[in-house]
Amino acid sequence: MRNSIRKIRCILTAPAGIRLVVVKVETDEPTLYGLGCATFTQRPLAVVEAVEKYLDPFLHGRDVAEIEDIFLASQVSSYWRQGPVLNNALSGVDMALWDIKGKRAGMPVHDLLGGKCRMAAPVYVHAAGKSIPEVVAQAQQHQAAGFRHVRLQVEVPGQATYGTASDLKTHAQVDGPTTPHNIFVPADYVRIVPRLFEHARSELGEELELLHDIHERLPPPLTMQLAKDLEPYRLFFLEDALPPEEIDYFRRLRATTHLPLAMGELFTNVHEFLPLIREQLIDYIRVHLSMIGGLTMSRKLAALCEFFGVRTAWHGPGDTSPVGHAANLALDLACPNFGIQEFSPFNQATRDVFPGCMELRDGAVWPNDRPGWGIDLDEALAARFPFPDHPYNGAWPAIRQRDGSVVRP
Ligand code: GCO
Ligand code: MG
């Protein structure tokens with residue numbers, strides 16, 4: 001039996017204080033609908049426009065079964081394509097259609113992708129803090145809770161360091177190179193991080209897998225130096241060592257260090273990551289599924305990586321809805337070349353808004369095996385967690401060096 005698209009709309013919610021955008025595709029069958037993640041937390045309102053003003057009218061009446069054609073037709077309907085806003089809009093629809101396909105088939109999406117080749121997806125979680133002992137203490141708690149992979153991030157005292165929840169000032173407080181700003185000094189950072197790992201290895205033992213995220217913040221020569229300095233501590237991988245604008249430098253980084261390299265959360269276009277995979281310059285691809293257009297594109301990327309020996313480590317931050325995490329998990333379970341999954345545990349409000357959230361236990365996420373993503377969305381409850389007030393709707397303030405120049409993430 002054929003089902004067609006009746007309405008496509010966005011649901012905005014922030015049960016953990018983080019702006020999430022979920023797309024709901026409704027069909028001509030009132031009880032049949034799908035959910036997709038379209039979370040671009042720095043530009044959520046732009047994604048809503050792209051979905052509701054463009055994709056909804058464009059796709060009205062289309063057969064829900066035709067995912068591949070809907071993806072391609074939607075993608076080229078803007079003529080100019082790729083880029084995070086349009087890709088997130090595509091992802092919202094694309095994932096929702098996979099959800100619908102699963103519901104119609106009575107199967108979880110990982111079954112549609114060929115079925116499980118593992119029971120659950122081992123995850124890495126974050127330990128971060130203002131001082132080295134604080135980070136190590138957090139890692140110990142994770143270890144005691146059964147996690148086997150932990151990412152360590154430490155604040156450079158007084159600086160706006162990625163991942164350490166240091167308070168960022170907004171543009172309203174600081175607004176340009178000649179005014180006070182959020183400071184980050186790359187040279188200070190590359191001095192402190194090896195000390196963190198030296199201490200962590202001696203306190204945490206040899207077995208815990210340790211990771212680190214540079215968050216694309218270093219100029220290439222400092223990245224090379226940091227990679228060399230971290231080698232004695234046997235990292236599981238070094239994450240996002242360079243910004244996408246500097247990816248040619250991966251050839252030299254690869255030749256310099258034997259640390260496993262993971263890259264990709266900022267990628268939005270297949271042509272950015274193709275050379276890294278083809279030349280085996282990275283070991284893990286960590287694209288954010290909705291940023292490249294959703295599951296349809298990501299499952300092809302996973303298969304491409306498989307043939308080049310590159311493993312998956314899909315981006316799984318707090319600014320991914322549980323629906324997006326479910327899409328990560330479907331690939332994690334079904335792809336032979338799974339590497340690791342980044343995971344940000346859900347708070348209770350998120351679990352309430354999204355009934356069916358996957359379970360986190362024994363250092364892994366476990367599927368619930370219900371049809372589609374197996375996750376629902378309580379719209380009335382979602383509305384009780386509106387986006388937090390923000391002077392510019394979630395956009396990031398600049399991080400600058402002492403001289404006022406912008407630091408690129
Ligand atoms: C990670 C990421 C995130 C991003 C965030 C941006 O490794 O999880 O670096 O923390 O910074 O997703 O919105
Ligand atoms: Mg990262």
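In case you missed it, the structure is sitting above this.
A few points on the structure. Please read these numbers as outputs of a predicted model, since none were measured by experiment.

## Considerations on the overall build of the protein
Step number 1: Helix and strand counts for the protein come out as 13 helices and 15 strands.
Step number 2: The C-alpha radius of gyration computed for the protein amounts to 21 Å, which stays within 12% of the reference 22 Å derived for 409 residues, consistent with globular compactness.
Step number 3: Along the first, second and third principal axes, the C-alpha atoms of the protein reach 60 × 50 × 40 Å.
Step number 4: Taken over 409 residues, the protein has a buried fraction of 57%.
Step number 5: In the protein, the share of contacts with a sequence separation of at least 24, taken over all contacts with a separation of at least 6, comes to 72%.
Step number 6: Just so you have it, the protein exposes about 16600 Å², and 54% of that area is on carbon and sulfur atoms.
Step number 7: Across the protein, the 40 positively charged side chains and the 49 negatively charged ones have centroids separated by 1 Å.

## A word on the packing of helix α9 (residues 270-278) against helix α10 (residues 295-307)
Step number 1: Where α9 contacts α10, the two axes come as close as 10 Å, and the packing angle between them is 20 degrees. Classified by the interaxial angle, the pair formed by α9 and α10 is roughly parallel. Here the hand of the crossing between α9 and α10 comes out right-handed. Here α9 contributes Phe-273, Leu-274 and Ile-277 to the contact with α10, which in turn contributes Leu-301, Leu-304 and Cys-305.

## With respect to the coordination of the magnesium ion (ligand 2)
Step number 1: Only Asp-213 (OD), Glu-239 (OE) and Glu-265 (OE) from the protein reach the magnesium ion (ligand 2) as donors, at distances of 2.2 to 2.5 Å.
Step number 2: We note that the donor set of the magnesium ion (ligand 2) lies within a single chain, spaced as D-x25-E-x25-E. Separated by 26 residues along the polypeptide, Asp-213 in strand β7 (residues 209-213) and Glu-239 in strand β8 (residues 237-239) bring together distant segments of the chain. Both residues of the pair, Asp-213 and Glu-239, belong to the buried class.

What counts and how
Here the residue index of a chain counts from 1 through its sequence in written order. Chain labels run from A onward and ligand labels from 1 onward, assigned in the order the entries are written. A pLDDT threshold of at least 70 governs which residues receive local features in this predicted model, and a stricter bar of 80 or more applies before side-chain atom pairs are shown or counted, although totals over entire chains, interfaces and linings include all residues. Excluded from the side-chain calculations are hydrogens and water; all other atoms, namely the structure's heavy atoms, are used. Put simply, DSSP marks the helices as runs of H or I at least four residues long and the strands as runs of E at least two long, and each gets a number from the N terminus on. Values of the radius of gyration come from C-alpha atoms, whereas the globule rule sets the reference at 2.2 Å times the count of residues to the power 0.38. Only protein chains enter the accessibility calculation, which uses a 1.4 Å probe; a residue is then buried when its area is under 20% of its type maximum, exposed when over 50%, and partly exposed in between. Residues are treated as being in contact if the distance between any of their heavy atoms lies within 4.5 Å. For the area figures, the Shrake-Rupley method with a 1.4 Å probe applies, and any residue is considered shielded solely by the protein chains shown. Note on charges: Lys and Arg go in the positive column, Asp and Glu in the negative column, and His and the chain ends are not counted at all. Charge placement uses NZ in Lys and CZ in Arg. For Asp and Glu, CG and CD serve respectively. Angles shown run from 0 to 180 degrees and are taken between the N-to-C directions of axes, each axis being a line fitted to C-alpha atoms and, for helices, limited to the stretch in contact. By the definition adopted for this analysis, an angle is roughly parallel if under 35 degrees, roughly antiparallel if over 145, roughly perpendicular if from 65 to 115, and oblique otherwise. Take the far helix as your reference; a near helix turned counterclockwise from it by less than a right angle gives a left-handed crossing, and one turned clockwise gives a right-handed crossing. Donor atoms (N, O, S) are those found within 2.8 Å of the metal centre, with the cutoff raised to 3.2 Å for Na, K and Ca; water is not part of the atom list, so apparent gaps in a site can occur.

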